[in-house]
Amino acid sequence: MKARQATRWTLAAVTCGGALACGGATPEAPAAAPEGKSPYRILVTNDDGIESPGIQKLAEALRAVGEVTVVAPCGQRSGASMSINLNQEIRLRTSEAGHCVEATPAGAVLFAARALAPESGFDLVVSGINRGANIGEVSHMSGTIGAAMMGGYLGMPAVAASQGGRPGGFEHAAAVAARFVAELRRRGPETGIVYSLNFPAATETETRGIAARPMGGSYFRVDYEEVVAEPGEDAGGEHRFRPVFGPPDAIPAGSDTEAHNEGLVTVTPLRFDWTDRPTVEALEGWDLEALLGDGGQEGGSSGTGG
């Protein structure tokens, strides 16, 4: 416990209000906390790495909502989902961009929550802004979503923000994300929910609107093609394949993928608990004890009541 407290004390100087953890000078002061209450503390992370302009624009915008601490992977970790590595030590480096760790996005959130958080903990995790949309079924593979899901696992409400299309131009997405976070703060967000915001490849004036939509479909399909060996190349019996991205077969009507393709900003609430409860009830109707064979324990729970 003493070591943990010492780490927190050492790093306190580089969390906002100081400018180091947020990158650059403060454009405006964080929203004041109600009298007698602690500041609203926001942990900002991503999967594109600490130097990504998306995370810096997001941190800047969120500083008007609360006290921001940036902890993110040191480099590109896209597609990591919610993976973590528990078999190696964490190396942390601090710069004007924030704290970076040699870890996955979810691992960065876990480390920040356990080693860098103030005594009262973080109030919210915000992940992004990702280069590339995380809509539909792609969300399961996303390191941006995975980092936010780790917040849910740790009992913190979380937001993930992603932008499709051409790189750069994160100002509009960051401003909308900050207003969304401010509204969540006002309402008191539910823990266990990740609010996934996706912005189309459009400017502020080109954006057609914003809508809440369920997760559905995929905006690309992954196939593989074999890499043809160069003339005279000795492959040694090895075959190499590379991914090829193409359009999906169909996109479900009313889904976040459909809305994103139509130029809308989408808000999709994702639940950390993946359980399909109607199927749990259906499984209670099975004779599950019979699956154990003769070695099943008598008196155990049975879907048929015996």
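Rules used throughout
Residues numbered from 1 in each chain as written. Predicted model: local features only at pLDDT ≥ 70, side-chain atom pairs only at ≥ 80, totals over all residues. Heavy atoms only, no water. Helix = DSSP H or I, 4+ residues; strand = E, 2+ residues; numbered from the N terminus. Buried < 20%, exposed > 50% of the residue type's maximum accessible area, 1.4 Å probe, protein only. Contact = heavy atoms within 4.5 Å. Disulfide = S-S within 2.5 Å. Polar contact = N/O pair within 3.5 Å; in protein donor to acceptor, adjacent residues only side chain to side chain. Core = buried A, V, L, I, M, F, W, Y, C linked by side-chain atoms within 4.5 Å. Expected span 1.5 Å × (residues − 1). Patch = residues over 30% accessible without salt bridge, like charges linked within 9 Å, V, L, I, M, F, W, Y side chains within 5 Å. Areas by Shrake-Rupley, 256 points an atom, 1.4 Å probe, with all protein chains shown as cover. Salt bridge = Lys/Arg side-chain N within 4 Å of Asp/Glu carboxyl O. Pairing = 2+ DSSP bridges. Right-handed = clockwise from strand over helix to strand, strands pointing away.

This paragraph deals with the overall build of the chain. When its secondary structure is counted, the chain shows seven helices and eleven strands. Sorting the 306 residues of the chain into buried and exposed places 43% on the buried side. Look at the contacts in the chain between residues 6 or more apart in sequence, and 77% of them connect residues 24 or more apart.

Every disulfide links exactly two cysteines, by a covalent bond between their sulfur atoms. Applying the stated criterion to the full structure yields one disulfide. Between Cys74 and Cys100 runs a disulfide, and the two sulfur atoms are separated by 2.2 Å. Since a negative S-S torsion denotes a left-handed disulfide, the Cys74-Cys100 link at about 85° is right-handed. Separated by 26 residues along the polypeptide, Cys74 in the loop between strand 2 (67-73) and strand 3 (92-95) and Cys100 in strand 4 (residues 98-101) bring together distant segments of the chain. In this structure, Cys74 and Cys100 share a single accessibility class: buried.

Considering the arrangement of structural elements, one finds Thr257 in helix 6 (residues 256-261). What makes Thr257 buried here is its relative accessible area of 0%. Within the structure, the side chain of Thr257 is placed 3.5 Å from the side chain of Asp256, a separation counted as a polar contact.

Glancing now at the nonpolar core. Residues Ile42, Val44, Leu62, Val126, Val159 and Val181 are the most contacted members of the largest nonpolar core, which totals 35 residues. Secondary-structure elements contributing two or more residues to this core are strand 1 (41-45), helix 2 (53-62), strand 2, strand 5 (124-131), strand 6 (158-163), helix 5 (171-187), strand 7 (193-199) and strand 11 (264-271). With seven residues, helix 5 is the single largest residue contributor to this core. Setting aside anything within four residues of it in sequence, one finds Val126 in contact with Ile42, Leu43, Val44, Thr45, Leu58, Leu62, Val159 and Val181. In terms of nonpolar packing, the next biggest core, distinct from the first, is built from 26 residues, Leu43, Val109, Ile145 and Met150 among them.

Take the side chain of Asn134 next. Inspection of the secondary structure puts Asn134 in the loop between strand 5 and helix 4 (143-153). Here Ser142 takes part through its side chain, which lies 3.2 Å from a polar atom of the side chain of Asn134. In this view, Asn134 contacts Ser139, Ser142, Thr144, Ile145, Ser162, Ser196 and Asn198; residues no more than four positions away in its chain are not counted.

Bringing unusual backbone geometry into the picture now. A cis amide bond links Gly128 to the next residue, Ile129, at an omega of -10°. Turning to its location among the elements, Ile129 is positioned in strand 5. A positive phi is found at Ser81, a non-glycine position, where the angle reads about 50°. Here Ser81 lies in the loop between strand 2 and strand 3.

Here we take up helix 5. The α-helix winds at 3.6 residues per turn, so residues separated by three or four positions along the chain end up facing the same way. Compared with an ideal rise of 1.5 Å per residue, which puts 17 residues at 24 Å, helix 5 spans 25 Å between its outermost C-alpha atoms and is within 8% of the ideal. Within helix 5, the full set of buried residues consists of His172, Ala173, Ala174, Val176, Ala177, Ala178, Val181 and Leu184. Residues of helix 5 that are buried in the fold lie against strand 1, helix 2, strand 5, strand 6 and strand 7. Of the residues flanking the end of helix 5, it is Gly188, one or two places downstream, whose phi is positive at about 85°.

Below, the discussion takes up a nonpolar patch on the surface. Side chains of Val222, Tyr224, Phe241 and Phe245 sit close together on the surface and give an oily, nonpolar patch of about 480 Å² of accessible area. Within the secondary structure, Phe245 sits in strand 10 (residues 241-246). Judged by relative accessible area, which is 57%, Phe245 ranks as exposed.

Time to look at the pairing of strand 5. Side-chain direction in a regular strand flips from residue to residue, so the side chains alternate between the two faces of the sheet. Burial runs high along strand 5: seven of the eight residues are buried. Looking at chain direction, strand 1 and strand 5 are connected through four bridges and run parallel. Opposite Ile42, over in strand 5, you have Leu124 as the bridge partner. Sheet topology places strand 5 next to strand 6; five bridges connect them, and they run parallel. Paired with Ser127 across the strands is Ala160, a residue of strand 6. A crossover connection joins strand 5 to the parallel strand 6 through helix 4; in handedness this β-α-β unit is right-handed.

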